[in-house]
Amino acid sequence: MSENTFIAADDQQTVAFGQVLANAAVDGGIVFLHGDLGMGKTTLCRGVIQAFGHTGAVKSPTYTLVEPYEFQNKCVYHFDLYRLGDPEELEFLGIRDYLVDDALCLIEWPERGQGILPPADLEIFIEIFEQGRRIKWSKNTQKGCMIADRIVNELKG
């Protein structure tokens, strides 16, 4: 198994990986989440958001496009662009207001915002693996490298 792969046997382990991601992305970043419907993108986001202290439900913002979570020292923005009709809609949403340096932006279905979204710091790919999920990640920026290194270090822990 490669250094940038995690096998989640069930939803609990997907949530646990989200918590690892939250710990690794303490300085914020833009994270793209790729995977077919039902792969666990929102489940992974739930782990991230709960790691910052959220205790309520975490559901996919399919109709609102973005759900903001504001914590004492961090803003996490959970985007689901599945129902986005045109990437230009992101401009009307005020996307640039969310993409601030220290915020963590989790973006499901980022390909629907192509041309408007900036490059991701980290990209996560989720696919079926046996009875669970294979979670792979790739780093695209210096910030992404730091996040990826922290993930690997915590998983080796």
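Residues numbered from 1 in each chain as written. Predicted model: local features only at pLDDT ≥ 70, side-chain atom pairs only at ≥ 80, totals over all residues. Heavy atoms only, no water.

Novice: Teacher, can you tell me more about the packing of aromatic side chains here?
Specialist: Geometrically, a pair of aromatic rings is defined through the distance of the ring centres and the angle of the planes. For the structure on display, the rule yields six aromatic pairs. A ring pair is formed by Phe17 and Trp137, whose centres lie 5.3 Å apart and whose planes are at 35 degrees; its orientation type is tilted. Taken together, the residues Phe17 in helix α1 (residues 11-24) and Trp137 in strand β7 (residues 132-139) connect sequence positions 120 residues apart. The pair Phe17 / Trp137 is uniform in exposure class, with both members buried. A ring pair is formed by Tyr82 and Trp109, whose centres lie 4.9 Å apart and whose planes are at 55 degrees; its orientation type is tilted. Pair noted here: Tyr82 is in the loop between β4 (75-80) and α3 (89-93) and Trp109 is in the loop between β5 (104-108) and β6 (122-129), with a separation of 27 residues, a long-range link. On the basis of relative accessible area, Tyr82 is assigned to the partly exposed category, the value being 26%. Taken together, Phe6, Phe17 and Trp137 form an aromatic cluster joined through their ring pairs. (Phe/Tyr/Trp six-rings, centres within 6.5 Å; stacked < 30°, edge-to-face > 60°. Helix = DSSP H or I, 4+ residues; strand = E, 2+ residues; numbered from the N terminus. Buried < 20%, exposed > 50% of the residue type's maximum accessible area, 1.4 Å probe, protein only.)

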